[in-house]
Amino acid sequence: MKIIKKILILALVALVGIQFWRPEKNQSGYETVAAFEAETKLTEQITAILKANCYDCHSNQTNYPWYAQIAPVSLWLDDHIRHGKGDFNVSEWATYSVKKKDHKLDELIEEVEEGHMPLDSYTWIHGKLSKEDQKTLIDWARAARKPYRAQLASQELPQ
């Protein structure tokens, strides 16, 4: 019984101590997605879907819930955001090549179709994308890819 008490006290001290370690917030401002939104011609409906389901992890602007202030949740969320931005960051859209833009939109389609995005851990609290929203997002991404596909095809033609 004494060992259990010592373990619990140690765990409590570690939990309190970890509260002082704060990851840097991902909040550069919403304007960081402006190039992406303008170039891909977002509708209000697509903008709403992306804001509600994607931008928190795939842009430089995260809206943090209250529980993001509590470690270890804050560390877990920071890890998700870092991985999300590493895979696809709409705030960096202007720096992507045409080929990369096409590829990222293709990945978006694939991830949504297969139900991998948004992550299950995100949907536990925020809810899943409706089938209608999934279809709307996929249709938009397919249309948004067309100019990039055309540019890539014209670059492949012999001069």
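Note that the structure is a prediction, hence the values are computed from the model and not measured.

Undergrad: Can you explain the packing of aromatic side chains? Please cite residues and give values.
TA: On inspection of all chains with the given rule, the structure shows six aromatic pairs. A ring pair is formed by Phe36 and Trp93, whose centres lie 5.0 Å apart and whose planes are at 80 degrees; its orientation type is edge-to-face. With Phe36 in helix 2 (residues 34–39) and Trp93 in the loop between helix 5 (73–87) and helix 6 (98–113), this pair connects stretches of sequence that are 57 residues apart. Phe36 sits in the buried class, given a relative accessible area of 1%. Judged by relative accessible area, which is 0%, Trp93 ranks as buried. An aromatic cluster is built from Phe36, Phe88, Trp93, Tyr96, Trp140 and Tyr148, whose rings are joined through pairwise contacts.

Undergrad: I'd like a rundown of the packing of helix 3 (residues 44–53) against helix 8 (residues 131–156), residues and numbers included.
TA: Close contact between helix 3 and helix 8 brings their axes to 10 Å; oriented N to C, the two are set at 110 degrees. The pairing of helix 3 with helix 8 is recorded here as roughly perpendicular in orientation. For the pair helix 3 and helix 8, the crossing hand works out as left-handed. Between helix 3 and helix 8, the contacting residues are Gln45, Ile46, Ile49 and Leu50 on the first element and Glu132, Asp133, Thr136, Leu137 and Trp140 on the second. Across the contact of helix 3 with helix 8, the residue classes tally to five nonpolar, two polar and two charged.

Undergrad: So what's going on with unusual backbone geometry? Which residues, and what values?
TA: Glycine aside, the phi torsion of most residues is negative, and most peptide linkages are trans. A cis amide bond links Ala71 to the next residue, Pro72, at an omega of 10 degrees. With respect to the secondary-structure elements, Pro72 resides in the loop between helix 4 (55–58) and helix 5. In the segment running from Met117 into Pro118, the intervening peptide bond is cis, with an omega of -10 degrees. Inspection of the secondary structure puts Pro118 in the loop between helix 6 and helix 7 (120–126).

The rules behind the values
Residues numbered from 1 in each chain as written. Predicted model: local features only at pLDDT ≥ 70, side-chain atom pairs only at ≥ 80, totals over all residues. Heavy atoms only, no water. Phe/Tyr/Trp six-rings, centres within 6.5 Å; stacked < 30°, edge-to-face > 60°. Helix = DSSP H or I, 4+ residues; strand = E, 2+ residues; numbered from the N terminus. Buried < 20%, exposed > 50% of the residue type's maximum accessible area, 1.4 Å probe, protein only. Axes fitted to C-alpha atoms, helices over the stretch in contact; angles between N-to-C directions. Parallel < 35°, antiparallel > 145°, perpendicular 65-115°, else oblique. Left-handed = near helix turned anticlockwise from the far one by under 90°. Contact = heavy atoms within 4.5 Å. Nonpolar A, V, L, I, M, F, W, Y, C, P; charged D, E, K, R; others polar.

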